[in-house]
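Residue-level structural notes
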Amino acid sequence: MKPESNEMYAGPDRRQFERLDFVTPLAYKVCSKDTISKLLQGYTSNLSQAGLMCSIKERVNKDDILWLSFDRGILHICEDMERRSLIYQNGIIGKVVRIDPVRKNAYTVGIKFLTREEKDLGGIYGGARFFHNSRENDKE
């Protein structure tokens, strides 16, 4: 059940949408000038209409924009997800909202799908500038 736009969600999990356990291979790219051409691998662990949790080996930063590709065709919730999400080159665009290190070179990452209605898409909307510069400031 989706809340009214000005209400806080008060469901049992405090989640706007139900999460489904969904383990499948994931291909992704970090949308920055330095990394956009590098296709990386991971796997999803759960999925909702608003985002997903995944396991990856490469470190990402909060607020990084990712291009995500995984088998979406087998779930009924994907129809609603694809109607509201920003799709680019058959992948979904998402923003990193949570990072939990599991061990060296292993991270559980929460990603919120960007929607077509969002006003600030970090310069990626339209495909002409498909880059996000937040990683340029990280010197780790």
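This report concerns the structure included in the present document. (Residues numbered from 1 in each chain as written. Predicted model: local features only at pLDDT ≥ 70, side-chain atom pairs only at ≥ 80, totals over all residues. Heavy atoms only, no water.)

**Digging into the overall build of the protein**
Counting its secondary structure elements, the protein contains 1 helix and 7 strands. Burial analysis of the protein (140 residues in total) assigns 42% to the buried set. A total accessible area of about 8900 Å² is found for the protein, and carbon and sulfur atoms account for 47% of it. (Helix = DSSP H or I, 4+ residues; strand = E, 2+ residues; numbered from the N terminus. Buried < 20%, exposed > 50% of the residue type's maximum accessible area, 1.4 Å probe, protein only. Areas by Shrake-Rupley, 256 points an atom, 1.4 Å probe, with all protein chains shown as cover.)

**Overview of the layout of surface pockets**
Of the voids in this model, the second largest pocket is the one considered here, and its volume is about 190 Å³. Residue lining of the second largest pocket: 13 residues in total, with Tyr 43, Ser 55, Ile 56, Lys 57 and Ala 106 positioned closest to the centre. Put simply, the parts of the chain that give the lining of the second largest pocket at least two residues each are β2 (40-47), β3 (51-56), β6 (91-103) and β7 (106-113). By residue class, the composition of the lining of the second largest pocket is 5 nonpolar, 5 polar and 3 charged. (1 Å grid on protein atoms, 1.4 Å probe; cavity = no way out; pocket = protein on both sides within 12 Å on 5 of 7 lines; lining within 4 Å. Points joined across faces, edges and corners; volume = space filled by probe spheres on them. Nonpolar A, V, L, I, M, F, W, Y, C, P; charged D, E, K, R; others polar.)

**Observations concerning the environment of Val 30**
If you trace the backbone, Val 30 turns up in strand β1 (residues 20-30). Take Val 30: its relative accessible area is 4%, and that puts it in the buried class. Each C-alpha atom, one on Val 30 and one on Lys 95, is 9.8 Å from the other, the two residues being 65 residues apart in sequence.

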